[in-house]
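Architecture at a glance
Each chain is listed here by its residues.
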Amino acid sequence: MSEQTIKQGANPLGTKPVSKLLAEFAIPSIIAMLVSALYNIVDQFFIGQYVGMLGNAATNVAFPLTISCTAISLMCGIGGAANFNLNMGRGNGQKAAAYAGNAISMCFITGLLLCAVTKLFLNPMMILFGATDQTLYYSLSYTGITSLGFPFLIFTTGGSALIRADGSPRFSMFCTLTGAIVNTVLDALFMTTFHMGIEGAAWATVTGQVVSAVLVAAYLTRFQTVRLCRTHFRPVAACWGNIAKLGMSPCINQLAMMVVQIVLNNVLKTYGARSEYGGDIPLACAGIISKVGMMFFSIVIGISQGMQPIVSFNYGAKQYRRVVEAVWKSIASATAISIVAFLCFQLFPRQIIGLFGEGSEEYFRFAERYFKIYMFFTFANQFQPIVANMFTSIGKATAGAFMSLTRQILFLLPLLVVLPRFFGLDGAMYAAPVADCVAFVIALGMLLRETYWLKTEAAKQPETGAAAD
């Protein structure tokens, strides 16, 4: 067997029991995603304690750019990993290596471009994203520094997807975990000892991202299933196009979240100013709740990312029974997590908000109500991202992209524009559960249809003798 070709039977993705593979790939992915979300949570905690409500509001204003980094990294990483695993499943190691290398170079180049654009248009961006007169200074200070870390953040997140695709999910987790630990230690040091304020939180974040990126780069020199040569990193238009095609679904999902966040910030600022709460309280509360929600969503995304190499490889190898099993077991695991998150958000909203600093009684009253209403449909929010990633993993990019658009763009965005005109701040809060409900129905319908087709195709095939649960 050559270095660039691997036989299907030698790859555990095609033979090992699906439940064991999901645990092996999903658990490190979940931890890595949670740790990545902790970058924002830790900053939010220290900023809330040592800067205050306006600092929390400022990080919410900056949050769309963090989402854009995730969008780009998932497009490059998931798109590259899907192409990599599909080609490995088909036994084409040389082509798989080209996709892995191009995905890595794509991550870093797009990260540099985003950093440059942010630096050039920082002030108008912050105003567009919803900064008030009181929060603009903090927003500019925080984002001006964290934008320096965008190339490293995108490189780390995208590279981690390829490390998982290469069969090393634990090392992928280790890269992100190490950076988060560095960020946490430096947050405490810069803000409590050196009293650097919101700038200290920003520099801690960038330093942690650089450390993670160095670890990812070190792994690339010892890629396991194929050998990556310098030529594999040279940009090839066809590779970039196919990576973008299969990575478009998770990218669109994140970009949609970014657009919704920008619109939501402006809606809260505008209609909050007309309410008893003012413009800054809703903005600060929404920032905390968005990041807490990302903690839950990170678990779902981690399960989805752990599923991806299993589904892609087995679909490429035409082992459709294993594809169906992986998808439904991922749904079952994510559903259990979603129900727990729903109960926490409904039963303990005030306690969760209280972790991020003090505030007035109006602040806590609004936060508690916002939490309960906006996050009401959490128990079913797992379907849309997992179904979208399933279609991406099997090469059906159009269906994956459509699924990614449903919740955020097709439903939530119009509701955020329309409902507040009639119901004020309440309209902004009720828009989310309505959009979640409709997206769930569509995702379930598409999932049932696709798995029925896969089961039909699997029934036409003889048993392969692959390990089963």
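Just so you know, the residues in each chain are numbered from 1, in the order the chain's sequence is written. The predicted origin of the model limits local features to residues at a pLDDT of at least 70 and limits the giving and counting of side-chain atom pairs to 80 or more, whereas totals for whole chains, interfaces and linings rest on all residues. Only hydrogens and water are removed before side-chain values are computed, so all heavy atoms of the structure are retained for them.

**A word on the overall build of the protein**
- Helical segments are the DSSP runs of H or I of at least four residues, strand segments are the runs of E of at least two, and each set is numbered from the N terminus. A count of helices and strands for the protein gives 16 helices and zero strands.
- Note that the radius of gyration is over C-alpha atoms, with the globule rule given as 2.2 Å times the number of residues to the power 0.38. Relative to its length of 469 residues, the protein is compact, with a C-alpha radius of gyration of 22 Å against a globular reference of 23 Å.
- Per-residue accessibility, obtained with a 1.4 Å probe over protein chains only, is compared with the maximum for each type, and a residue is labelled buried under 20%, exposed over 50%, and partly exposed between these values. Taking all 469 residues of the protein together, the buried fraction comes to 61%.
- Note on contacts: a residue pair is in contact if any heavy atoms of the two residues lie within 4.5 Å. For the protein, the proportion of contacts with a sequence separation of at least 24, taken over those separated by at least 6, is 84%.
- Here Asp and Glu are counted as negative and Lys and Arg as positive; His is not counted, and neither are the chain ends. In this description, the location of a charge corresponds to atom NZ of lysine, CZ of arginine, CG of aspartate or CD of glutamate. Across the protein, the 30 positively charged side chains and the 20 negatively charged ones have centroids separated by 13 Å.

**A look at empty space enclosed by the protein**
- With a 1 Å grid laid over protein atoms only, a set of points is called a cavity when a 1.4 Å probe fits there but cannot get out and a pocket when it is open yet has protein on both sides within 12 Å along at least five of seven lines; lining residues have an atom within 4 Å of a point. Grid points are joined across faces, edges and corners, and a volume is the space filled by probe spheres set on the points. What the rule picks out here adds up to four cavities of 30 Å³ or more.
- If you add up the space inside the largest cavity, you get close to 540 Å³.
- For the largest cavity, the lining is made up of 36 residues, of which Ser36, Thr66, Thr70, Leu153 and Thr157 are closest to its centre.
- Going through the elements one at a time, helix H1 (18-50), helix H2 (53-89), helix H5 (136-146), helix H6 (150-165), helix H7 (169-193), helix H8 (197-220) and helix H10 (280-316) are the ones with two or more residues in the lining of the largest cavity.
- The greatest single-element share of the lining of the largest cavity, amounting to eight residues, is contributed by H2.
- Residue polarity is assigned by list, with Asp, Glu, Lys and Arg as charged and Ala, Val, Leu, Ile, Met, Phe, Trp, Tyr, Cys and Pro as nonpolar; anything else, Gly included, falls into the polar class. Split into classes, the residues belonging to the lining of the largest cavity amount to 17 nonpolar, 17 polar and two charged.
- Met257, Phe297, Tyr374, Arg407 and Gln408 are, among the 25 residues lining the second largest cavity, the residues nearest its centre.
- Secondary structure elements with two or more residues in the lining of the second largest cavity: H2, helix H9 (237-273), H10, helix H14 (383-393), helix H15 (397-423) and helix H16 (425-459).
- No other element matches H10, which puts six residues into the lining of the second largest cavity.

**What about the environment of Pro250?**
- On the secondary structure map, Pro250 appears in helix H9.
- Each C-alpha atom of the pair Pro250 and Gly79 lies 8.8 Å from the other, and the pair is 171 residues apart in sequence.
- Residues contacting Pro250, with those up to four places away along its chain left out, are Leu74, Ile78, Thr392 and Ser404.

**Thoughts on the packing of aromatic side chains**
- Here the aromatic set is Phe, Tyr and Trp, taking the six-membered ring for Trp, and pairing holds for ring centres within 6.5 Å; pairs whose planes are under 30 degrees apart are stacked, those over 60 apart are edge-to-face, and all others are tilted. In the structure shown here, the tally under the stated rule is 24 aromatic pairs.
- Measuring from ring centre to ring centre gives 5.9 Å for Phe171 and Phe174, while their planes differ by 45°; the resulting arrangement is tilted. Note that Phe171 and Phe174 are positioned in helix H7 at a spacing of three residues, about one turn of the helix.
- Residues Phe342 and Phe379 carry aromatic rings whose centres are separated by 5.1 Å and whose planes lie at 80° to one another, so their mutual orientation is edge-to-face. Here Phe342, found in helix H11 (residues 320-347), pairs with Phe379, found in the loop between helix H13 (361-374) and H14; they are 37 residues apart in sequence, far enough to count as distant.
- On the accessibility criterion, Phe379 (30% relative accessible area) is partly exposed.
- Within the aromatic cluster, the residues linked to one another by ring pairs are Phe342, Phe376, Phe377, Phe379, Phe383 and Phe440.
- Lysine NZ or arginine CZ positioned within 6 Å of the ring centre and within 35 degrees of the ring normal marks a charge as sitting over the ring. The cationic tip of Arg222 hangs over the ring face of Phe171; the distance from NZ or CZ to the ring centre is 4.9 Å.

**Brief notes about the nonpolar core**
- Residues Phe366 and Tyr370 are the most contacted members of the largest nonpolar core, which totals 135 residues.
- In terms of residue count, H10 provides more of this core than any other element does, 20 residues in total.
- Counting residues in each nonpolar core, the second largest holds 12 residues, with Val42, Phe46, Tyr142 and Ala202 among its members. To define a nonpolar core, start from buried Ala, Val, Leu, Ile, Met, Phe, Trp, Tyr and Cys residues and group those joined through side-chain atoms within 4.5 Å.

**Considerations on the layout of surface pockets**
- Its volume calculated, the largest pocket comes out at about 220 Å³.
- Taken together, 14 residues form the lining of the largest pocket, with Val292, Met295, Phe296, Phe345 and Ile352 sitting closest to its centre.
- At the level of secondary structure, the elements contributing two or more residues to the lining of the largest pocket comprise H1, H10 and H11.
- Take the lining of the largest pocket: its biggest share by element is five residues, from H11.
- The class makeup of the residues in the lining of the largest pocket is 14 nonpolar, no polar and no charged.

**Observations concerning unusual backbone geometry**
- Its identity as a non-glycine residue notwithstanding, His195 has a phi of 50°, on the positive side.
- Locating His195 in the fold gives a position in the loop between H7 and H8.
- For Lys318, which is not a glycine, the phi torsion comes out positive at approximately 65°.
- Residue position: Lys318 is located in the loop between H10 and H11.

**So, a nonpolar patch on the surface**
- Together, Ile339, Leu343, Leu347 and Phe348 make up a nonpolar patch on the protein surface, roughly 380 Å² of accessible area in all.
- Mapped onto the elements, Ile339 comes out in helix H11.
- For Ile339, a relative accessible area of 41% gives the class partly exposed. Like charges are joined within 9 Å and nonpolar side chains (Val, Leu, Ile, Met, Phe, Trp, Tyr) within 5 Å, but only among residues with over 30% relative accessible area and no salt bridge; these make up the patches. In this description, accessible areas are obtained by the Shrake-Rupley approach with a 1.4 Å probe, and a residue is regarded as covered only by the protein chains that are shown. When a carboxyl oxygen of Asp or Glu is within 4 Å of a side-chain nitrogen of Lys or Arg, the pair counts as a salt bridge.

**A look at H10**
- Taking 1.5 Å per residue as the helical rise, H10 with its 37 residues ought to reach 54 Å, and the 51 Å between its terminal C-alpha atoms agrees with that figure.
- Each residue is assigned a bend, namely the angle between axes fitted to the seven residues that terminate at it and the seven residues that start at it. Where H10 bends most, at Met307, the angle is about 30°, and the proline Pro309 comes one to four residues later.
- Among the 37 residues of H10, 36 are classified as buried, and the element is accordingly described as predominantly covered.
- Phi turns positive, to about 65°, at Lys318, one or two residues after H10. To estimate the expected span of a helix, count its residues, drop one, and scale the result by 1.5 Å.

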